[in-house]
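Survey of secondary and tertiary structure
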Amino acid sequence: MSPLVVLILAVLATTYAGPIVRLAAAPALAIAFWRLTLVLPVTGGLAVRERVAVRRDEALLMAVSGLLLAAHFWTWIASLRFTTVASSVVLVSLKPIFVWALAAAWLHEHPSRREKWGIGIAVLGATLIGVGDARLSLGALGGDLLALGGAITAAGYYVIGRRVRATVGVWTYATIVYAVAAVALAAVALARGVPLTGFAGRDWLVFGGLAAGPMLVGHTGMNYALKHYRATTVNVAALGEPVGAALIAWLALHEVPSLAVIVGGAVVLTGI
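Quantities reported herein were computed from a predicted structural model and do not represent experimental measurements. (Residues numbered from 1 in each chain as written. Predicted model: local features only at pLDDT ≥ 70, side-chain atom pairs only at ≥ 80, totals over all residues. Heavy atoms only, no water.)

**Overview of the confidence of the model for the protein chain**
Scored by pLDDT, the protein chain has a mean of 87; 93% of the residues are at 70 or more. In the model of the protein chain, helix 6 (residues 85-92) stands out as the element of lowest mean pLDDT, 70, in contrast to helix 10 (residues 170-192), which has the highest, 96. (pLDDT = per-residue confidence, 0-100. Helix = DSSP H or I, 4+ residues; strand = E, 2+ residues; numbered from the N terminus.)

**Some words on the environment of Ile 152**
Checked against the element boundaries, Ile 152 lands in helix 9 (residues 138-164). Along the primary structure Ile 152 and Asn 223 are separated by 71 residues, whereas in three dimensions their C-alpha atoms are 17 Å apart.

**What to know about the nonpolar core**
Counting 63 residues, the largest nonpolar core has Ile 31, Leu 36, Leu 69, Ile 77, Tyr 178 and Met 222 as the members making the most contacts within it. The dominant element in this core, judged by the number of residues it contributes, is helix 10, at 9 residues. Discounting residues that sit within four places of it in the chain, Met 222 has contacts with Leu 7, Ala 10, Val 11, Thr 14, Tyr 158, Val 234 and Ala 238. (Core = buried A, V, L, I, M, F, W, Y, C linked by side-chain atoms within 4.5 Å. Buried < 20%, exposed > 50% of the residue type's maximum accessible area, 1.4 Å probe, protein only. Contact = heavy atoms within 4.5 Å.)

**A closer look at the environment of His 72**
The residue His 72 is located in helix 5 (residues 56-79) in this model. Engagement of the side chain of His 72 in a polar contact is seen with the backbone oxygen of Gly 150, the distance being 2.8 Å. (Polar contact = N/O pair within 3.5 Å; in protein donor to acceptor, adjacent residues only side chain to side chain.)

Take a look at the structure:
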């Protein structure tokens, strides 16, 4: 399948992650853990078929990537408890600006002039949404800061993916990174006394929905695209997620977007 088609499908698959997380009563750590764990049997089975040898330096980078992914999910999912879906998803989508800096410093990959303009415009739109929501309450501001932390950690995860995916198959990469992230989240949950079982049926439906779409198709599809496109390019494409998420939240959760969200969303689309 064309890498471009895979990337488009991956972005579409991520759009409903934010809205359905709001439907779960389970703690953020548990949601993140099961989102990763439920997808491992699929990625692991396909990784066995790849039969790709992994060097020590690649394994170390994938372990770091997994820890960053765990931190990303934890901070982002937690942010949804305090701020709106639109604000959280858009702020976490600021990761292209951090990817830009990391990829330039480490991989010596620089965005084109057109991409620089696109990133700048999209970030401006995201800032409009974040500032508009932060004015509502201190709780919303705290949620926005958590989402921003999710953006920074996700940037590291994607830049490492761009580096490792040059030599490691997508299923092998995804399995190792997802497994490390799941183990890290389980360890944090155990240390903090956060339960990982005993949830209601609706929570398990949310876990399964997150694993099947945003995780298996979304994240893995973007990891596939990282071999063919620069990390900055993949993340600019991913900025389509907040627009779809805000629309779903409006239609399904009756979370009516404010004027700042509408204007900011239009600016984000212009940037893309």
